[in-house]
Amino acid sequence: MDDMIATALRERAEGDIHVEQLLDAVRTGARRRQRRRFAVGFGAAAAVVALLAGAGMAALPDRRPDGRAAQPGQVPLPRPPAVVGAPTAADRPEVLGSGSGLFHLDISGTPIGWRYVAWAATRGFEELTLEAAETGGDVRVVAARDLIWLGELGPGAAPATVDGLPAETVEWGGSHAVRWQPRPGIWAQVWGNGEPEIAIAVAERLRFDKVYRCAVPFRLAGYAEPALNKCSTDMVLDEDGLSATTAGTVWLTPVTGGPEYQVSVGRSRTDTVLNDTISGREVQVKPASAGGSAPPEIRYPFDGRTAYFWQFGAGPAEAFRALVAAFTPVPGNDPNDWPATAFGS
Amino acid sequence: MTFEDYVRLRGPALVRLARLVAGDRHLGEDLAQEVLIRAYPRWNRIVAGGRPDVYLRRMLVNAHVSWRRKRSSTEVVDGAERVERANGAEVADVGDLGAEAAERAAVWRLIRRLPPKQRVTIVLRYYEDLDDGAIAEILGCSPGTVRTHAMRALTTLRQHLAATEESAEETLRWTT
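As the structure is a computational prediction, the values presented were derived from the model and not from experiment.

Draft legend 1. Structural view of the environment of Pro-81 of chain A. In this fold, Pro-81 of chain A is placed in the loop between helix 3 (45–52) and strand 1 (102–103). Linking Pro-81 of chain A and Asn-336 of chain A, residues 255 residues apart in sequence, is a C-alpha distance of 5.2 Å.

Draft legend 2. View of the side chain of Gln-284 of chain A. All names here are of chain A. Topologically, Gln-284 is positioned in strand 17 (residues 281–286). Judged by relative accessible area, Gln-284 falls into the buried class, the value being 9%. A polar contact is formed between the side chain of Gln-284 and the backbone nitrogen of Val-273, at a distance of 3.3 Å. With sequence-adjacent residues up to four places away left out, Gln-284 is seen in contact with Asp-271, Thr-272, Val-273, Leu-274, Asn-275, Glu-297, Ile-298 and Arg-299.

Draft legend 3. Representation of helix 8 (residues 132–139) of chain B in the model. All names here are of chain B. Those residues of helix 8 that fall on the buried side of the exposure criterion are Asp-132, Ile-135, Ala-136, Ile-138 and Leu-139. Seen along its axis, helix 8 keeps its buried residues to an arc of 165 degrees; they face one direction. With a side-chain oxygen positioned 3.1 Å from the backbone nitrogen of Gly-133, the residue opening helix 8 is Asp-131. One or two positions beyond helix 8, positive phi appears at Gly-140, with a value near 70 degrees.

Draft legend 4. Fine view of the nonpolar core. Ranked by size, the top nonpolar core spans 62 residues in total, and within it Val-190, Leu-252, Phe-309 and Phe-327 of chain A carry the most contacts. Once you skip the residues sitting within four places of it in the chain, Phe-309 of chain A turns out to touch Gln-262, Val-263, Pro-296, Glu-297, Ile-298, Tyr-300, Phe-320, Leu-323, Val-324 and Phe-327 of chain A. Counting 55 residues, the second-largest nonpolar core is a separate cluster that includes Ala-13 and Ala-30 of chain A together with Leu-56 and Leu-60 of chain B.

Draft legend 5. Spotlight on the confidence of the model for chain B. For chain B, per-residue confidence averages 74 on the pLDDT scale, and 73% of positions sit at 70 or higher. Below pLDDT 50 for its whole length, residues 69–97 of chain B participates in 30 contacts with residues either more than four positions away or in separate chains.

Draft legend 6. Examining the pattern of salt bridges more closely. All names here are of chain B. By the definition in use, this model includes 23 salt bridges over all chains. The partner of Asp-53 in a salt bridge is Arg-10, with the nearest N and O atoms 3.1 Å apart. On the criterion of sequence distance, the pair formed by Asp-53 in helix 4 (residues 52–70) and Arg-10 in helix 1 (residues 3–22) is long-range, its members being 43 residues apart. A relative accessible area of 26% means that Asp-53 is categorised as partly exposed. Between Glu-128 and Arg-57 there is a salt bridge, with the nearest N and O atoms lying 2.8 Å from each other. In this pair, Glu-128 is assigned in the loop between helix 7 (116–126) and helix 8 and Arg-57 in helix 4, connecting sequence segments 71 residues apart. Both residues of the pair, Glu-128 and Arg-57, belong to the buried class. The network of salt bridges with common partners includes Arg-10, Asp-53, Arg-57 and Glu-128.

Draft legend 7. Up close: the environment of Arg-281 of chain A. All names here are of chain A. Structurally, the position occupied by Arg-281 is in strand 17. Along the backbone, Arg-281 and Tyr-300 are 19 residues apart, and their C-alpha atoms lie at a distance of 7.3 Å. If we ignore the near neighbours within four places in the chain, the residues touching Arg-281 are Asp-276, Tyr-300, Val-324, Ala-325, Phe-327 and Pro-329. At 2.6 Å, the side chain of Arg-281 and the backbone oxygen of Val-324 are in polar contact.

Draft legend 8. Examining unusual backbone geometry more closely. Residue and element names in this part refer to chain A. Although it is not a glycine, Asp-163 sits at a positive phi angle of roughly 55 degrees. Note on placement: Asp-163 falls in the loop between strand 6 (158–162) and strand 7 (165–172). The phi torsion at Ser-279 lies on the positive side, around 50 degrees, for a residue other than glycine. Following the sequence through the fold, Ser-279 ends up in the loop between strand 16 (276–278) and strand 17.

Draft legend 9. Inspection of the pairing of strand 17 of chain A at higher detail. Residues and elements named next belong to chain A. Where strand 16 lies against strand 17, 3 bridges are found, and the strand directions are antiparallel. When the sheet's bridge partners are listed, Asp-276 is paired in strand 17 with Val-283. Remark: 2 residues form the turn of the hairpin made by strand 16 and strand 17, two consecutive strands paired antiparallel; Ser-279 in that turn has positive phi of roughly 50 degrees. One ladder, built from 3 bridges, connects strand 17 with strand 18 (residues 297–302); its direction is antiparallel. Across the sheet, the residue bridging to Val-285 is Ile-298, located in strand 18.

Quick notes on the rules
- Residues numbered from 1 in each chain as written.
- Chains lettered and ligands numbered in written order.
- Predicted model: local features only at pLDDT ≥ 70, side-chain atom pairs only at ≥ 80, totals over all residues.
- Heavy atoms only, no water.
- Helix = DSSP H or I, 4+ residues; strand = E, 2+ residues; numbered from the N terminus.
- Buried < 20%, exposed > 50% of the residue type's maximum accessible area, 1.4 Å probe, protein only.
- Polar contact = N/O pair within 3.5 Å; in protein donor to acceptor, adjacent residues only side chain to side chain.
- Contact = heavy atoms within 4.5 Å.
- Arc of directions from axis to C-beta.
- Core = buried A, V, L, I, M, F, W, Y, C linked by side-chain atoms within 4.5 Å.
- pLDDT = per-residue confidence, 0-100.
- Salt bridge = Lys/Arg side-chain N within 4 Å of Asp/Glu carboxyl O.
- Pairing = 2+ DSSP bridges.

In structure tokens form, the structure reads like this:
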């Protein structure tokens, strides 16, 4: 009996294992979680709000067009700068995730009780993340031309429909995902908390007939456009619920195979303690946490705001510090006036 | 030891264990990957603890048990159906194999149907060759509880195998 059990188990455990593929998948998965944690992770919503609430701008009027005071949570959702005349994903699916720094994904109307909405584009796919009362928390939308960018849906998928189109849903750890093809050549996936109906409701409000551009309130002098991995423009409802602020973030890898950096501008934090100087700028340099759960960080307070720099992956300290020296803030509060790219002089 | 070094050296063993713990090759590979993703950002702390093997195995078992708990009833049904379909395929596959191979396939099917902690106990004892103390550490229970899991699992396996043998002998009598 003992031998039979041991033999049966050995037989079932064997089979090809591709270690390098496993490592790649683990690195990718871990990096994605770090990005979410430090960039648009709603688990750290307070940090996101702190990061963005003071960043520049686009403060909305506190009066509605009819003259009545706006109600908290009823501020119309602002959008990134529109690009008129550019081909939409509805017309030409190949523009989706083309790495052009354009957003081809939107949600119709204003989600009830919205607190945070971010558009992001990277080569391969585009993202829309939002937090609203009507969605019961955070929702992440990914749209791509190729299914490979949407990742594994996991086991136990069940059939569903989105706008009458065939879809599948799956539950994982209390979240529900719905995946479908809104148009030929486009795959989309929505992850939401709570019931699958929430994810489906968001899915049915997505639209692909608008084009916006990524806008960031800074430049990184001396860095080339190809270094850009991802660009994000984020809208955050202010604490009074009467206005919203806009900010931008970029992720870049200046050296192939080297570390990835994230640069964001946001409100100055009271726990910032200046302890170093980079190119005449007083900064706080924070090493990675001992457990590796927080990456190295540099904060540069300026003009009532703070630029945040994070490094993901090992790399020379000089390269990280060089980013701070290259950072040039762009004045003004309107994202329509912000540059479409953080690169160049 | 860096995380990459560890995965290259011990990753395959972890994946094999995950296949057995999950009872399904693909689910096991997903499980191992998920555990490594969670371990990656805290690797320095795990290594500082001195026993990354034990730590990751415990993570793996906890993730599996937690995952099973969290799945909705619909998915459990789907999962069970998937296992049953796999069983059916295996029964057909082993039809032409020798008696020993068929018996090992039957043992595996029974192990897969055991409650999670009993299955993990059997896997750690017979595949990883761990003693009750080491298994207890991974399961987060006492060695006595491990012995109880093992005893119940082995009793179930013996009962089902005996019943299967009787059924086979009965079939043989009627068909010859």
